[in-house]
Amino acid sequence: MEKAFAKIIEEIGEDLSREGLIDTPSRAAKAIKYLTQGYTQSLDEVVNNALFPSDNSEMVVVQNIEFYSLCEHHMLPFIGRAHVAYIPQGKVIGLSKIARIVDMFARRLQIQENMTKEIAEAIMQVTNAEGVGVVIEAEHMCMKMRGVEKQNSTMKTSMLLGSFRARPATRAEFFSLVS
């Protein structure tokens, strides 16, 4: 990966022997490995058995989970917040595990639409919830730094599973809580 970054730097016309760039290929390789570490994680490892018995059957919402990801089309960042909710059926998941699930999927080359679905499906799979809702709001640097250069644009995506999709009242409660 370092050689690839060195080649890119040379191709843009820079001098790799310039003092500020000497270690850049190595630093860039380490940064990309960190930013894509979601590929080395599994859902089981991230959750780490942090499921606990509970008779709660009301909506659990975790809002404003900040994340950053890299768009799979341009490898530029998109940065945002995830709002995740579920209705437990006999067990709840450790609070930090929801944020870790968001990070696991965000730290891959992604598009926001797929990431939203992957998070919802993972929460449903792990918790066997009655329903799951996920809303993601993000700013995409591929739209701000290049192309149309729209500085105030944001993108919102949602995924609703189980009772969040089937029951209008559950859907309405979720959207009112995260808006």
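A brief look at the structure comes next. (Residues numbered from 1 in each chain as written. Predicted model: local features only at pLDDT ≥ 70, side-chain atom pairs only at ≥ 80, totals over all residues. Heavy atoms only, no water.)

## What about helix α4 (residues 95-106)?
Taking 1.5 Å per residue as the helical rise, α4 with its 12 residues ought to reach 16 Å, and the 18 Å between its terminal C-alpha atoms agrees with that figure. Restricting attention to buried positions, one finds in α4 the residues Lys97, Ile98, Ile101, Val102, Met104, Phe105 and Ala106. Here the buried face of α4 lies against α3 (43-47), β2 (60-71), β3 (77-87), β4 (91-93), β5 (109-110) and α5 (112-127). (Helix = DSSP H or I, 4+ residues; strand = E, 2+ residues; numbered from the N terminus. Expected span 1.5 Å × (residues − 1). Buried < 20%, exposed > 50% of the residue type's maximum accessible area, 1.4 Å probe, protein only. Contact = heavy atoms within 4.5 Å.)

## Side note on the environment of Glu130
For Glu130, the position within the fold is in the loop between α5 and β6 (131-140). On the basis of relative accessibility, which here comes to 25%, the residue Glu130 falls in the partly exposed class. Here Glu130 is in contact with Ile87, Gln89, Met124, Gly162, Ser163 and Arg167, once residues within four sequence places are set aside.

## Concerning the sheet that holds strand β7 (residues 155-162)
Judged by pairing direction, the sheet is mixed, and its 5 strands sit side by side in the order β5-β2-β3-β6-β7 without closing on themselves. On the outer flanks of this sheet lie β5 and β7, each paired with one strand and no other. Sheet topology places β2 next to β5; 2 bridges connect them, and they run parallel. By the bridge assignment, Cys71 is partnered in β5 with Gln110. Contacting β2, β3 and β5, α4 crosses the sheet at an angle of about 20° to β2. (Pairing = 2+ DSSP bridges. Axes fitted to C-alpha atoms, helices over the stretch in contact; angles between N-to-C directions.)

## Some words on the packing of helix α1 (residues 2-11) against helix α2 (residues 24-35)
Each pair of packed helices gets described by two things: the angle between the helix axes and the distance between those axes. Contact pair α1 / α2: the axes reach a minimum separation of 8 Å and the direction vectors enclose 120°. When the interaxial angle is binned, α1 and α2 end up oblique. The handedness of the crossing between α1 and α2 is right-handed. Contacts from Glu2, Phe5, Ala6 and Ile9 of α1 reach α2 at Thr24, Pro25, Ser26, Ala28, Ala29 and Ile32. Among the residues making up the contact of α1 with α2, the classes are represented as 7 nonpolar, 2 polar and 1 charged. (Parallel < 35°, antiparallel > 145°, perpendicular 65-115°, else oblique. Left-handed = near helix turned anticlockwise from the far one by under 90°. Nonpolar A, V, L, I, M, F, W, Y, C, P; charged D, E, K, R; others polar.)

## Quick look at the environment of Arg107
The topology assignment puts Arg107 in the loop between α4 and β5. Considered as a pair, Arg107 and Val92 are 15 residues apart in the sequence and their alpha carbons are 24 Å apart. Residues contacting Arg107, with those up to four places away along its chain left out, are Tyr34, Leu35, Thr36, Gln37, Gly38, Tyr39 and Tyr68. One polar contact links Arg107 to Tyr68, side chain to side chain, over a distance of 3.0 Å. (Polar contact = N/O pair within 3.5 Å; in protein donor to acceptor, adjacent residues only side chain to side chain.)

## Quick notes on the pairing of β6
Most of β6 sits inside the fold, with 9 of its 10 residues counted as buried. Judged from the 10 bridges that link them, β3 and β6 form a sheet pairing that is antiparallel. Bridge assignment links Ala82 to a residue of β6, and that residue is Ile136. The pairing of β6 with β7 spans 8 bridges and is classified as antiparallel. Residue pairing across strands places Gly133 opposite Leu160, the latter belonging to β7.

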